[in-house]
Amino acid sequence: MELIIGPRAYSTWSLRGWLVMKATGADFAVIDARYDTPQAKAALTALSPSGFVPALRVDGEAIWDTLAIAEWAAEHYPEAGLWPADPTARALARSVTAEMHSGFQALRTFCGTGPDHPMVGDARAETPSDPALDRDLARIVGLFRQMRGRFGAAGPWLFGARSIADIFYTPVAARIRHFQIDLAAHGDDGTARTYVEALLAHPHFREWETEALA
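Residues numbered from 1 in each chain as written. Predicted model: local features only at pLDDT ≥ 70, side-chain atom pairs only at ≥ 80, totals over all residues. Heavy atoms only, no water.

Turning to the nonpolar core, a few remarks are in order. Membership of the largest hydrophobic core comes to 62 residues, with the highest contact counts inside it found for Phe 144, Phe 159 and Tyr 169. The leading source of residues in this core is helix α7 (residues 164-178), at nine residues. (Core = buried A, V, L, I, M, F, W, Y, C linked by side-chain atoms within 4.5 Å. Buried < 20%, exposed > 50% of the residue type's maximum accessible area, 1.4 Å probe, protein only. Helix = DSSP H or I, 4+ residues; strand = E, 2+ residues; numbered from the N terminus.)

Structure representation (structure tokens):
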């Protein structure tokens, strides 16, 4: 089983796929791929049908798109509890995960990651300002506060035990850190900030960060 990922310093979707696979406890190899030249892109396309990362190769098949990889992992490793056991919590966890997967375009635009804006290490950037970004951040803060308030009493995560939803928001936490975003300015009472800190302190993210900086 092989997981194809992009540059660890700034490939946010690769981080999500890697965190999902780490959460299963399964053994898997990692293939580091690039996509910044035509030759590198061609080589990546030979490994990933979409030409994007991450992609998971299992038994001769390639599974691409981070959400598809996450669903595959949840089905094949049910003991990992990647989705909440409670049906209501599970439906909401899928909802917030899908919202992250397809939404928050202003956050991606104004707080984008790349060689000059890594999501690892001590580098920090000036905080951007834009009304659309403000709306995204207010929604993210509200989402964190709502789910933590309903389901988070037993631990630091959104839905009790750590789930795919937490994994999908880990790169968001890294963007918030890198761009020095004051969540209190977007409606936070401290709940979202504490949650962001928990995401960045998780041993799996710390392992990824250490490897990215090596």
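Read on, since the account is not over.
Spatial strand order, β2-β1-β3-β4: four strands in an open sheet with mixed pairing. Both outer strands of the open sheet, β2 (29-32) and β4 (61-64), are each paired with one neighbouring strand and no more. On average, each strand axis in the sheet is tilted by 25° relative to the strand beside it, whichever way the strands run. The pairing of strand β1 (residues 2-5) with β2 spans four bridges and is classified as parallel. Directly across from Ile 5, in β2, lies its bridge partner Asp 32. Helix α3 (residues 66-76) rests against β1, β3 (55-58) and β4 of the sheet, and its axis sits at about 115° to β4. (Pairing = 2+ DSSP bridges. Axes fitted to C-alpha atoms, helices over the stretch in contact; angles between N-to-C directions. Contact = heavy atoms within 4.5 Å.)

Backbone phi values are negative for most residues with the exception of glycine, while trans is the configuration of most peptide bonds. The linkage connecting Val 53 with the following residue, Pro 54, adopts the cis geometry, with an omega of 0°. Secondary-structure assignment places Pro 54 in the loop between α2 (38-47) and β3. In this structure, Asp 65 takes a positive phi of about 80° despite not being glycine. Phi at Phe 104 is positive, roughly 55°, even though this residue is not glycine. Within the fold, Phe 104 resides in the loop between α4 (87-102) and α5 (105-110).

A full pass over the atoms with the stated rule returns six aromatic pairs. A ring pair is formed by Trp 13 and Phe 168, whose centres lie 5.9 Å apart and whose planes are at 70°; its orientation type is edge-to-face. Of this pair, Trp 13 sits in helix α1 (residues 12-24) while Phe 168 sits in helix α7, and the two are 155 residues apart along the sequence. Ring pairing ties together the aromatic residues Phe 144, Tyr 169 and Tyr 195, which thus form one cluster. For Arg 8, the ring lying beneath its charged end belongs to Trp 208, and the centroid distance is 5.6 Å. A cation over a ring is seen here: Arg 16 above Trp 13, with NZ or CZ 4.1 Å from the ring centre. (Phe/Tyr/Trp six-rings, centres within 6.5 Å; stacked < 30°, edge-to-face > 60°. Lys NZ or Arg CZ within 6 Å of the ring centre and 35° of its normal.)

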